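Listed here are the chains, written in short residue letters.
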Amino acid sequence: MPIHRKPILAANWKMNKGPSETEDFLKSFLGKLQGSGFPCEIVIAPPFVSLAKAAEILGGPKVPVQLAAQNGSQKDAGAFTGEVSMLMLKEFYLHYVILGHSERRAIYGETDEVINAKMKKAREANLKPIFCIGETLAEREAGRLEEVLGRQITKGLEGLSEKDMVDTVVAYEPVWAIGTGVTATTAQAQEAHAFVRGEIAKLYGAAVANKVRIQYGGSVKPDNAAELMACPDIDGALVGGAALDPTSFFELIKAGCSVIEE
Ligand code: PEP
């Protein structure tokens with residue numbers, strides 16, 4: 001029997017859309033989604049300041065969109081100016097938190113150890129991490145793809161239980177494909193995803209690894225979502241630029257879901 005993992009498509013808005021633009025997007029997007037019944041999970045990650053507005057709109061019964069934060073602190077409370085704790089995030093009824101995004105790693109210096117501490121805090125708050133990993137172009141060209149992904153996985157997941165692992169979504173995002181318009185080929189993406197699943201199997205066993213959803217991220221668009229999501233180890237997408245416009249994100253989901261066997 002084929003393994004069934006419900007695909008998950010998530011919009012990472014990054015530092016775009018305050019509350020009023022969030023409202024405009026969601027009203028339009030929910031209108032398009034009405035009656036569509038896509039066989040996947042849909043997630044939106046607005047900036048912190050727009051979470052309250054998003055929660056107000058998405059909090060109703062039967063709204064088929066889940067909410068995520070783009071980051072969260074590894075600390076509980078205290079003198080950490082500018083930080084937001086996982087428990088505070090939980091008050092917005094959100095399900096997911098993106099952790100370890102390459103922009104957090106590269107621009108804000110987040111190490112594997114910091115990301116691991118955030119992963120643990122997220123799980124303590126019962127949030128599901130969208131755990132991002134990926135290599136730079138220099139690392140890929142130097143033949144270090146497996147070493148880099150292996151290190152990010154082992155260190156980032158250290159101390160997490162089997163249940164934590166199953167509740168974690170992994171996002172494989174080659175850094176060279178993020179926001180560049182360059183997408184990994186389906187062969188490159190599938191190969192990396194199979195490697196990631198293999199590394200998870202080494203840590204948690206094949207049964208757990210087969211349940212974990214692994215998203216691809218890096219210039220996913222309506223016209224390449226289907227071929228990527230048709231790959232056996234690609235269980236959805238983490239989308240930046242193409243998820244800023246409700247029509248584009250809707251079309252991307254429609255295309256990606258067209259290859260899902262229910
Ligand atoms: C991202 O930021 O996670 C991302 C994949 O961005 P983009 O789709 O714009 O490449």
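Residues numbered from 1 in each chain as written. Predicted model: local features only at pLDDT ≥ 70, side-chain atom pairs only at ≥ 80, totals over all residues. Heavy atoms only, no water.

Novice: How should the pairing of strand S8 (residues 236–239) be read in this particular structure?
Specialist: Successive residues of a regular strand alternate their side chains across the two faces of the sheet. The alternating pattern of S8 places Gly-236 and Leu-238 and Ala-237 and Val-239 on opposite faces, both of which are buried. In terms of strand pairing, strand S1 (residues 8–12) meets S8 through four bridges, oriented parallel. Bridge pairing in S8 places Ile-8 opposite Gly-236. Note: strand S7 (residues 214–217) against S8, two bridges, orientation parallel. Counterpart to Tyr-216 in the pairing with S8 is Ala-237. (Buried < 20%, exposed > 50% of the residue type's maximum accessible area, 1.4 Å probe, protein only. Helix = DSSP H or I, 4+ residues; strand = E, 2+ residues; numbered from the N terminus. Pairing = 2+ DSSP bridges.)

Novice: Which parts of the structure should I look at to understand the packing of aromatic side chains?
Specialist: Any pair of aromatic rings gets described here by the distance separating the centres and the angle formed by the planes. Under the definition given, this model contains five aromatic pairs. Seen in terms of ring centroids, Trp-13 and Phe-25 are 4.7 Å apart; in terms of plane orientation they differ by 70 degrees. Their pairing is edge-to-face. Highlighted residues: Trp-13 in the loop between S1 and helix H1 (19–33) and Phe-25 in helix H1, separated in sequence by 12 residues. The exposure class of Trp-13 is buried, given its relative accessible area of 0%. For the ring pair Phe-25 and Phe-29, a centre distance of 5.4 Å and an interplane angle of 40 degrees mean the geometry is tilted. Highlighted residues: Phe-25 and Phe-29, both in helix H1, separated by four residues, approximately one helical turn. (Phe/Tyr/Trp six-rings, centres within 6.5 Å; stacked < 30°, edge-to-face > 60°.)

Read these as spatial facts, not as claims about activity.
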